[in-house]
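Residues per chain, in single letters:
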Amino acid sequence: MVYASLFLTAFIAATLFPLSSEALLATLLYQGYSPFLLWLVATSGNTLGSCVNWYLGRECLRWQDKKWFPFSPAQLARAQQQFQRYGVLSLLFAWLPVVGDPLTFFAGVMRIRFWQFVVLVALGKSLRYALVIALTLGLIH
């Protein structure tokens, strides 16, 4: 149940909903749960949550001519320019607060290949969780 809770928290944290999974991860480390399993579960959940953002971004343009559509053509154009400016490797930073979730969304809008998206996002997120675990374990010992 503990690992499922971490998976769900990491999943939601990667979507456009504001939530953080690091505090739960650190708490579970303090309680003695397996660092490797926690890393694997958190990385998997967070990466899958980003995949939801990618899918939503990919599908959202079908409604861009509706009045309720949340982005103006100018906003979309600006976001596309920014994404193109920094390139697909910017997805390695999808773990960053504030910019990471919109980055994964606009990767879908930009129709970045899914396999490329998953590899880059998973790599960045796995490194972030490894760092959180290393820092937390360093504080414990």
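Being a predicted model, the structure only gives us computed values, none of them experimental.

**Q** What am I meant to see in the packing of aromatic side chains here?
**A** Two aromatic rings, taken as a pair, are described by how far apart their centres are and by the angle between their planes. With the rule as written, the count across this model stands at seven aromatic pairs. Ring geometry for Trp-63 and Trp-68: centres 6.5 Å apart, planes at 40°, overall tilted. By relative accessible area, which is 36% here, Trp-63 ends up partly exposed. The exposure class assigned to Trp-68 is exposed, which follows from its relative accessible area of 56%. Here Phe-114 and Phe-117 contribute two aromatic rings whose centre-to-centre distance is 6.4 Å and whose plane-to-plane angle is 20°, an arrangement assigned as stacked. Of this pair, Phe-114 and Phe-117 both sit in helix 6 (residues 114-140), three residues apart, roughly one helical turn. A relative accessible area of 0% places Phe-117 in the buried class. Pairwise contacts between aromatic rings join Trp-54, Phe-114 and Phe-117 into one cluster. Over the ring of Trp-63 we find Arg-62; its NZ or CZ atom is 5.4 Å from the centre of that ring. It is Arg-128 that lies over the ring of Tyr-129; its NZ or CZ is 4.1 Å from the centre.

**Q** Just checking my understanding: could you explain the side chain of Arg-128 for this structure?
**A** The topology assignment puts Arg-128 in helix 6. On the basis of relative accessibility, which here comes to 12%, the residue Arg-128 falls in the buried class. Within the structure, Arg-128 has its side chain in polar contact with the side chain of Glu-22 (distance 3.0 Å). In this view, Arg-128 contacts Glu-22, Asn-46 and Trp-95; residues no more than four positions away in its chain are not counted.

**Q** In this structure, what is going on with the nonpolar core? I would like to understand it.
**A** Across soluble globular proteins, nonpolar side chains have a tendency to be buried as a group. By size, the foremost hydrophobic cluster in this structure holds 12 residues: Cys-51, Trp-54, Phe-83, Leu-91, Ala-94, Leu-103, Ala-107, Met-110, Ile-112, Phe-117, Leu-120 and Val-121. For this core, the secondary structure elements donating two or more residues are helix 3 (35-60), helix 5 (100-109) and helix 6. In this structure, Cys-51 is in contact with Phe-114, Phe-117 and Val-118, ignoring residues within four places of it in sequence. Leu-28, Leu-38, Ala-42 and Tyr-129 belong to the second-largest nonpolar core, a separate cluster that totals 11 residues.

**Q** So what exactly am I meant to see when it comes to the environment of Leu-29 here?
**A** Within the secondary structure, Leu-29 is located in helix 2 (residues 22-30). Along the backbone, Leu-29 and Arg-111 are 82 residues apart, and their C-alpha atoms lie at a distance of 37 Å.

**Q** Would you mind showing me how to read the layout of surface pockets here?
**A** If a probe as big as a water molecule is rolled over the atoms, it shows which places are left empty. By volume, the largest pocket amounts to about 320 Å³. Taken together, Ala-79, Gln-82, Phe-83, Tyr-86, Ser-90, Phe-93, Leu-96, Val-98, Val-99, Pro-102, Leu-103 and Phe-106 make up the full set of residues lining the largest pocket. Counting residues per element, the lining of the largest pocket draws most heavily on helix 4 (residues 73-86), which supplies four residues. Of the volumes computed, that of the second largest pocket is approximately 220 Å³. For the lining of the second largest pocket, the residue count by class is 11 nonpolar, four polar and four charged.

Thresholds applied
Residues numbered from 1 in each chain as written. Predicted model: local features only at pLDDT ≥ 70, side-chain atom pairs only at ≥ 80, totals over all residues. Heavy atoms only, no water. Phe/Tyr/Trp six-rings, centres within 6.5 Å; stacked < 30°, edge-to-face > 60°. Buried < 20%, exposed > 50% of the residue type's maximum accessible area, 1.4 Å probe, protein only. Helix = DSSP H or I, 4+ residues; strand = E, 2+ residues; numbered from the N terminus. Lys NZ or Arg CZ within 6 Å of the ring centre and 35° of its normal. Polar contact = N/O pair within 3.5 Å; in protein donor to acceptor, adjacent residues only side chain to side chain. Contact = heavy atoms within 4.5 Å. Core = buried A, V, L, I, M, F, W, Y, C linked by side-chain atoms within 4.5 Å. 1 Å grid on protein atoms, 1.4 Å probe; cavity = no way out; pocket = protein on both sides within 12 Å on 5 of 7 lines; lining within 4 Å. Points joined across faces, edges and corners; volume = space filled by probe spheres on them. Nonpolar A, V, L, I, M, F, W, Y, C, P; charged D, E, K, R; others polar.

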